[in-house]
2 protein chains.
Amino acid sequence: MAKYIDIANDLKRKIKDGTYAAGEPLPGQKNLAEDYKTSRMTIQKSLSLLKAEGYLYSQQGSATFVKKNIDSLSNLDIGVDQYVGISKLMEGKHKVTSKVSKFEIRYPVEAECDKLSLGPTDAVYDILRLRLVDEEPYSIEHTIMPISIIPGLDENILNHSVYEYIQGELGLEIGGAYRQFSAKKSSEADIKYLGNESTDPVLVITNVVYLESGTPFEYSIVDQKYDKGRFGMFIPSQAKY
Amino acid sequence: MAKYIDIANDLKRKIKDGTYAAGEPLPGQKNLAEDYKTSRMTIQKSLSLLKAEGYLYSQQGSATFVKKNIDSLSNLDIGVDQYVGISKLMEGKHKVTSKVSKFEIRYPVEAECDKLSLGPTDAVYDILRLRLVDEEPYSIEHTIMPISIIPGLDENILNHSVYEYIQGELGLEIGGAYRQFSAKKSSEADIKYLGNESTDPVLVITNVVYLESGTPFEYSIVDQKYDKGRFGMFIPSQAKY
DNA sequence: TAGTGGTCTAGACCACGAT
DNA sequence: TCGTGGTCTAGACCACTAA
């Protein structure tokens, strides 16, 4: 592992265990460079990592400080995990299961070609899954993925974790996602599968997920029960490196 | 301006005007360093900026490539602007106005003390604003801010832009925001002010906004009409610097 | 094997804040 | 003025990919 990552991890540990307290300044780059027996450039790379993660901020002419409220900001760790939907989010706390109610291969409609940059003859998976948390209906996930990018998908993988398959088996790296939130009235499907009343609102989350190369590989629409938890995230300000 | 930022901007321009086409490799760090008459380290800092912004990705041993689908990813530029609510988001396209229906100073309740890290005697502003887009009701914004951090707020600023006041007049830097999305049924206020039917759903956005130092300075709850546009954002994957 | 990007160094100068 | 962080350099070695 690279030295600047090791140092960043060590500093993060010291922030978490209180060696460097919230609101207090760090020892200074020159001191840190001596302590870790390295150059100032390397220390700066470590610090910039922790700044990007929201642990630190610097004031030129003064010092580098530990941010307050790190717990409520950074403990969420909004990395790749955020794309796995609920399966990892709930890990340990609740039992998450899936019921695959549709798993077809077909040609994409125009909206899907548009979102996924596909031609009309590039086949896609059309997947409909009911997600349950602690045996209770939680959301309906409608997912479209091109078979050319994600070959070999089967029901076994759908019941386990699609993202582990993509990152592990296929060795693909996820670059980011575009996500939209909106609200709507319950549809027939929401009433039938989520057990909603016809007057219940639904939280709709629309996702387009991209690989590191910028290729879109997932277009999904999630209908979530309005009374089962919220969808939260930390949005950092424009980063400066 | 720093050299590495100038270079990053020039590279960004060349990506946008097609000099470096999507999916194609860049000239290579050694070449770029010669072209811009600088060192490789400086070029790498420029490149890391553009990687963080989602324009580029590198493959060790091979080259640095321009991402595909940059338009749909990065044109959104989700920086500080995203905190200004709708006022800047709609700028130019639609007319956004506010109607301040409550502007009080009082002591915070427990939930507000919790979210804003305040004591029970640290006074806060309690602001209720109806936001209109093109004269049509759009959302109800309920905002709580500590007067100790944002002194001198008045109705004139509320009708203009609170965020310009914070960043311009007060010289404070915004670090990020924690944002939650949920859906609910229309409340009495939603029916009265937004003109909702009692069966209309509402999109609820709860925000806690932090300064660069990690100090929270805004706790707000926004009730948004469900049929008036969506709330979207790009979420980059875990960045590596 | 040659060429690429990733890491690292030991200096240097500048911009800024505190005193 | 002094010490801090911010930028920059000209090299070096390593890890990796492609030919």
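Model, not experiment: these values are computed from the prediction.

Looking now at the overall build of chain A. Helix and strand counts for chain A come out as nine helices and nine strands. Counting the 241 residues in chain A, one finds 48% classified as buried. Sequence-distant contacts, at least 24 apart, represent 56% of the contacts inside chain A between residues at least 6 apart. Within the structure as shown, chain A displays about 11800 Å² of accessible surface, and the carbon and sulfur contribution to it stands at 49%.

Another aspect to go through is the UniProt feature "domain: HTH gntR-type" (unreviewed entry) in chain A. Under the feature "domain: HTH gntR-type" (unreviewed entry), the UniProt entry names residues 1-69 of chain A. For residues 1-69 of chain A, the helix share is 49%, the strand share is 12%, and the end-to-end C-alpha distance is 29 Å.

Near DNA strand C lie 24 residues; those nearest to it are Lys3, Thr38 and Thr42 of chain A together with Arg40 and Gln60 of chain B. Sugar plus phosphate, as a fraction of atoms of DNA strand C within 4 Å of the protein: 66%. A distance of 3.3 Å separates a phosphate oxygen of DNA strand C from a polar atom in the side chain of lysine 45 of chain A. Taking glutamine 60 of chain A, its side chain carries an N or O atom lying 3.5 Å from a sugar or linking oxygen of DNA strand C. Contributions of two or more residues to the surface near DNA strand C are made by α1 (3-16) and α3 (40-52) of chain A together with α3 (40-52) of chain B. In the surface near DNA strand C, the residues fall into five nonpolar, 14 polar and five charged.

With that settled, the discussion passes to the protein's contact with DNA strand D. Surrounding DNA strand D, one finds 24 residues, the nearest of these being Arg40 and Gln44 of chain A together with Lys3, Thr38 and Thr42 of chain B. Sugar plus phosphate: this is where 64% of the atoms of DNA strand D within 4 Å of the protein reside. The backbone of lysine 3 of chain B places a nitrogen or oxygen atom 2.3 Å from a phosphate oxygen of DNA strand D. At 3.4 Å, a side-chain N or O of arginine 40 of chain B approaches a base nitrogen of DNA strand D. Among the secondary structure elements, those contributing two or more residues to the surface near DNA strand D are α3, β1 (56-59) and β2 (63-66) of chain A together with α1 (3-16) and α3 of chain B.

Moving on, we come to the domain arrangement of chain A. Per the domain assignment, the segments making up chain A are domain 1 (3-75) and domain 2 (81-225). One C-alpha centre belongs to domain 1 of chain A, the other to domain 2 of chain A; they are set 38 Å apart.

Our focus in this paragraph is the nonpolar core. All names here are of chain A. Core analysis: the biggest nonpolar cluster contains 18 residues, and Met145, Ile150, Leu153, Val162 and Phe217 have the highest contact counts within it. Looking at this core, the elements with two or more residues in it are β4 (124-133), α7 (155-159), α8 (162-169), β6 (174-185) and β7 (201-211). With sequence-adjacent residues up to four places away left out, phenylalanine 217 is seen in contact with Leu116, Ile144, Met145, Pro146, Ile149, Ile150, Tyr163, Ile166, Ile174, Val209, Tyr210 and Leu211.

Glancing now at the pairing of strand β8 (residues 216-225) of chain A. On a regular strand, one side chain projects to one face of the sheet and the next to the other, so that they alternate. Residue and element names in this part refer to chain A. Burial runs high along β8: nine of the 10 residues are buried. By the bridge criterion, six bridges tie strand β5 (residues 136-146) to β8 in an arrangement that is antiparallel. Opposite histidine 142, over in β8, you have isoleucine 221 as the bridge partner. Both β7 and β8 contribute to a ladder of nine bridges, which runs antiparallel. Among the inter-strand pairings, isoleucine 205 is bridged to a residue of β8, identified as valine 222. Between β7 and β8, which pair antiparallel one after the other, the connecting turn spans four residues, and glycine 214 there sits at a positive phi close to 95°.

What counts and how
- Residues numbered from 1 in each chain as written.
- Chains lettered and ligands numbered in written order.
- Predicted model: local features only at pLDDT ≥ 70, side-chain atom pairs only at ≥ 80, totals over all residues.
- Heavy atoms only, no water.
- Helix = DSSP H or I, 4+ residues; strand = E, 2+ residues; numbered from the N terminus.
- Buried < 20%, exposed > 50% of the residue type's maximum accessible area, 1.4 Å probe, protein only.
- Contact = heavy atoms within 4.5 Å.
- Areas by Shrake-Rupley, 256 points an atom, 1.4 Å probe, with all protein chains shown as cover.
- UniProt positions renumbered as here; feature names shortened; annotations may be inferred.
- Near = heavy atom within 4 Å.
- Polar contact = N/O pair within 3.5 Å; in protein donor to acceptor, adjacent residues only side chain to side chain.
- Nonpolar A, V, L, I, M, F, W, Y, C, P; charged D, E, K, R; others polar.
- Domains from an automatic or database assignment.
- Core = buried A, V, L, I, M, F, W, Y, C linked by side-chain atoms within 4.5 Å.
- Pairing = 2+ DSSP bridges.

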